[in-house]
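# Results of the structural survey
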Amino acid sequence: MIERSLSLYEIMDSRLYVREFSDRSVPKAVIENLVKTTSTAPSGAHKQPWTFFVIENPEIKKQIRSAAEQEELQSYESRI
């Protein structure tokens, strides 16, 4: 148990903030499996109040990224 917990820590500690993404397509079945997997995470009253969107349009992806980066900047400059 100690080894497994240390292994998990090492995996999580090595994560990097990702700003660049591959342009390779991902099979829809893979995305569906990932969404199913995330929906098993515990939540208050086991209600899983999440909404997922699969965005394929590159222009919409750029708009989302830009908006997210603006929010992040505001957080660092004035909220935190």
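Refer to the structure presented above.
In this text, all values refer to a predicted model and were calculated from it rather than measured experimentally.

Right, let's get into a nonpolar patch on the surface. A surface patch of nonpolar side chains, about 380 Å² in accessible area, is lined by F53, I55, I60 and I64. Of the residues examined, F53 reaches a relative accessible area of 67% and is grouped as exposed.

Between its first and last C-alpha, helix α1 (residues 2-13) extends 16 Å over twelve residues, near the 16 Å set by a 1.5 Å rise per residue. Of all twelve residues in α1, zero are buried, a share of ten percent or less.

A word on the pattern of salt bridges. The tally for this structure, following the rule as stated, stands at one salt bridge. One salt bridge in this structure joins R65 and E69, with 3.0 Å as the shortest N-O distance. With R65 and E69 both in helix α3 (residues 58-79), this residue pair falls four residues apart, about one helical turn. Taking the relative accessible area as the measure of exposure, R65 reaches 34% and is therefore partly exposed. Look at E69 and you get partly exposed, because its relative accessible area is 29%.

Conventions used here
- The residue numbering used here restarts from 1 in each chain and proceeds along that chain's sequence as written.
- With pLDDT at 70 or above as the cut-off, local features in this predicted model cover only qualifying residues; side-chain atom pairs require 80 or more to be listed or tallied, and sums for whole chains, interfaces and linings still use all residues.
- The side-chain numbers reported here are obtained from all heavy atoms of the structure, hydrogens and water having been left aside.
- Here, patches come from residues exposed beyond 30% relative accessible area and free of salt bridges, joined within 9 Å for like charges and within 5 Å for nonpolar side chains (Val, Leu, Ile, Met, Phe, Trp, Tyr).
- All accessibility values rest on the Shrake-Rupley procedure with a 1.4 Å probe; residue burial counts only the protein chains present in the view.
- Any carboxyl oxygen of Asp or Glu that lies within 4 Å of a side-chain nitrogen of Lys or Arg is treated as forming a salt bridge with it.
- The rule is simple: take the accessible area with a 1.4 Å probe, protein chains only, and divide by the maximum for that residue type; under 20% is buried, over 50% is exposed, in between is partly exposed.
- Secondary structure elements follow DSSP: runs of H or I of four or more residues count as helices, runs of E of two or more count as strands, with numbering from the N terminus.
- A helix's residues, less one, multiplied by 1.5 Å, set its expected span.

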